[in-house]
Amino acid sequence: MLNSTAPSFTLEESDEGRVLRLSGDWTVATINQLDAQLRAVSGDVPECLDVSALGRLDTSGAFLIDRTLREKGAAWPPRILGEHASVESLLEQVHAHAEPAPPAEKRDTGLLALLERTGKGSVDFIKETQASLAFLGETLVTVARLAVQPWKLRWTSIVSVMEEAGLNAMPIIAFLSFFVGLVIAFIGATLLSDFGLEVFTVQLIGFAVLREFGVVLTGIVLAGRTNSSFTAQIGSMKMRQEIDAMQTLGLKPMDVIVAPRVLAMLVMTPVLTFVATVSGIAGGMAVCWGTLDIAPAVFLEQMREAVTLDQFWVGMSKSPVFGLVVALIACRQGLQVGGSVQSLGKATTTSVVQAIFAIIVIDALFAIFYMEMGV
């Protein structure tokens, strides 16, 4: 391996005029030292190049020399002082392909630019909603067709997804729900004790966990865990062209990829919601037992008397919808992945964000609906 000599330059006056004297090796391995220095030079326009002490030169070094001459407004072609085997040919080569860099785009921060970005964002949101609804319709048609023809269902894939997305997620959902129940009970006991009403902590836990926190926490955990997993799996299949191979073999991606995941989530999300609800109540019961001296039997009896069964079904009724939303968004974003790793990362991030956003919005719509229904 050849040793490299550090490159350098000087811009000085001589009998030949203003001379840019070059020395050392101007190659891709060394010129990074000179880029900022050449840009910082302020002075007269060089009229000629002295290459007497110039060592090795490649197209990267020639480009740097040519760019400096163009930025200084030097005449072309430059006068060459000294002898060098390749400097003239390399300078001509890079100069022939050089293009002036476009000026940096100045971002408009005025009112019109704000309105323009708002409009574009609104249009993109509408288009994304339309595409998601279209995918929902296609998925429902596929699931209905497979329900009529159950022998076409891929039961192995469904059971595998149920285990991966359901059973494996059960411990973390139960763990988090238990501590959420603890937090609700602590907050309720602290606030209600100021009014001498700490006995109503049981009702607070019952309504909060049964109606909202159990199912919402399950949906959010699935959006972060299962949703990203589905998108990454399908996106990787898309990048490796496995989906194209399926279509070549006459297999439909909606039947093979989407339907098993949707059916598995429709089955497992209510189960996970039930586990989250029981764990949340257990966490609240532990706090009531430890801080309010309410025994578990008394806790359960008060909850049975104060909290009606319809509150349980309010929470459970949301779970299939949340499971469907998580699976739909994950599958759709996975099928939109391109051939690059960047597109896979972007699709996974978009999938998780959309799923969490959709869960919160749908939960709010459910709350309004049940309020109007008087439930």
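Heads up: the structure comes first, above all this text.
About the thresholds
Residues numbered from 1 in each chain as written. Predicted model: local features only at pLDDT ≥ 70, side-chain atom pairs only at ≥ 80, totals over all residues. Heavy atoms only, no water. Helix = DSSP H or I, 4+ residues; strand = E, 2+ residues; numbered from the N terminus. Rg over C-alpha atoms; globule rule 2.2 N^0.38 Å. Buried < 20%, exposed > 50% of the residue type's maximum accessible area, 1.4 Å probe, protein only. Expected span 1.5 Å × (residues − 1). Contact = heavy atoms within 4.5 Å. Axes fitted to C-alpha atoms, helices over the stretch in contact; angles between N-to-C directions. Parallel < 35°, antiparallel > 145°, perpendicular 65-115°, else oblique. Left-handed = near helix turned anticlockwise from the far one by under 90°. Nonpolar A, V, L, I, M, F, W, Y, C, P; charged D, E, K, R; others polar. Patch = residues over 30% accessible without salt bridge, like charges linked within 9 Å, V, L, I, M, F, W, Y side chains within 5 Å. Areas by Shrake-Rupley, 256 points an atom, 1.4 Å probe, with all protein chains shown as cover. Salt bridge = Lys/Arg side-chain N within 4 Å of Asp/Glu carboxyl O. Core = buried A, V, L, I, M, F, W, Y, C linked by side-chain atoms within 4.5 Å. Pairing = 2+ DSSP bridges. 1 Å grid on protein atoms, 1.4 Å probe; cavity = no way out; pocket = protein on both sides within 12 Å on 5 of 7 lines; lining within 4 Å. Points joined across faces, edges and corners; volume = space filled by probe spheres on them.

## Topic: the overall build of the protein chain
- Helix and strand counts for the protein chain come out as 13 helices and four strands.
- In terms of overall size, the protein chain is more extended than a compact globule, its C-alpha atoms giving a radius of gyration of 34 Å where 375 residues would be expected to give roughly 21 Å.
- Projected onto its principal axes, the C-alpha coordinates of the protein chain cover approximately 105 × 65 × 50 Å.
- A total of 375 residues make up the protein chain; the buried ones form 41% of that total.

## Looking at helix α13 (residues 341-373)
- For α13, which comprises 33 residues, the first-to-last C-alpha distance of 48 Å matches the rise-based estimate of 48 Å (1.5 Å per residue) to within 8%.
- Every buried residue belonging to α13 is among L344, A347, T348, S351, V352, A355, A358, I359, I362, D363, F366 and Y370, and all of these are buried.
- Close packing links the buried residues of α13 with α7 (201-224), α8 (226-239) and α12 (309-335).
- Once α13 ends, the next one or two residues include G374, with phi positive near 75°.

## Side note on the packing of helix α10 (residues 253-291) against helix α11 (residues 296-306)
- Axis separation between α10 and α11 bottoms out at 9 Å; the angle between their running directions is 125°. Between α10 and α11, the angle falls in the class oblique. Viewed along their axes, α10 and α11 form a crossing whose handedness is right-handed. Along the contact surface, α10 presents I281, G284, M285, C288 and W289, while α11 presents P296, F299, L300 and M303.
- Across the contact of α10 with α11, the residue classes tally to eight nonpolar, one polar and no charged.

## With respect to the packing of α7 against α13
- Viewed as axis vectors pointing N to C, α7 and α13 meet at an angle of 160°, and their least axial separation amounts to 8 Å. Our classification of the angle between α7 and α13 gives roughly antiparallel. Here α7 runs over α13; the crossing is right-handed. Only V352, A355, I356, I359, I360, D363 and Y370 of α13 make contact with α7, whose side of the interface consists of R211, E212, V216, G219, I220, A223 and G224.
- Here the residues of the contact of α7 with α13 are counted per class, giving nine nonpolar, two polar and three charged.

## Thoughts on a nonpolar patch on the surface
- On the surface, a nonpolar cluster with roughly 730 Å² of combined accessible area is contributed by F125, I126, F357, V361, L365, I368 and M371.
- Sort the elements by how many residues they give to the nonpolar patch and α13 lands first, with five residues.
- Inspection of the secondary structure assignment puts V361 in helix α13.

## A short note on the nonpolar core
- Core analysis: the biggest nonpolar cluster contains 47 residues, and I257, V262 and M265 have the highest contact counts within it.
- Within the residue set of this core, elements represented by two or more residues are α4 (111-148), α5 (155-166), α7, α8, α9 (242-248), α10, α12 and α13.
- With eleven residues, the single largest contributor to this core is α10.
- Other than its neighbours up to four places away in sequence, M265 contacts A165, L222, T226, F230, P270, G323, V326 and A327.

## Re the side chain of T273
- Structurally, the position occupied by T273 is in helix α10.
- Not counting the four nearest positions on each side in its chain, T273 is found in contact with G214, V215, T218, G315, M316 and S319.

## Notes on unusual backbone geometry
- Its identity is not glycine, yet Q241 carries a phi of approximately 65°, on the positive side.
- Of note, Q241 is situated in the loop between α8 and α9.

## What about the side chain of Q203?
- Position of Q203 among the secondary structure elements: in helix α7.
- Looking at Q203, the relative accessible area reads 19%, which means it is buried.

## A short note on the sheet that holds strand β3 (residues 48-57)
- The four strands are arranged β1-β2-β3-β4 in an open sheet whose pairing can be described as mixed. The sheet is open, and its two borders are formed by β1 (8-14) and β4 (79-81), each paired with just one other strand. Adjacent strand axes in the sheet meet at a mean angle of 25° when their direction is disregarded.
- For strand β2 (residues 17-26) and β3, the ladder comprises six bridges, and the chain directions are parallel. Note on β3: the bridge partner recorded for L20 is L49.

## Focus on the layout of surface pockets
- Reported here for the largest pocket is a volume of approximately 590 Å³.
- Lining of the largest pocket is provided by 20 residues; of these, E128, T129, S132, I329 and A358 occupy positions nearest its centre.
- Broken down by secondary-structure element, the contributors of at least two residues to the lining of the largest pocket are α4, α12 and α13.
- Looking at which element gives the most residues to the lining of the largest pocket, the answer is α4, with eight residues.
- Within the lining of the largest pocket, the residues separate by chemical class into 13 nonpolar, four polar and three charged.
- When its volume is computed, the second largest pocket comes out at roughly 160 Å³.
- Every residue lining the second largest pocket is listed: L210, I281, L300, M303, R304, V307, T308, L309 and F312.
- The set of elements that each furnish at least two residues to the lining of the second largest pocket consists of α11 and α12.
- Among the elements that make up the lining of the second largest pocket, the one with the highest residue count is α11 (three residues).
- A per-class count over the lining of the second largest pocket returns seven nonpolar, one polar and one charged.

Any functional reading would require information beyond the geometric quantities listed.
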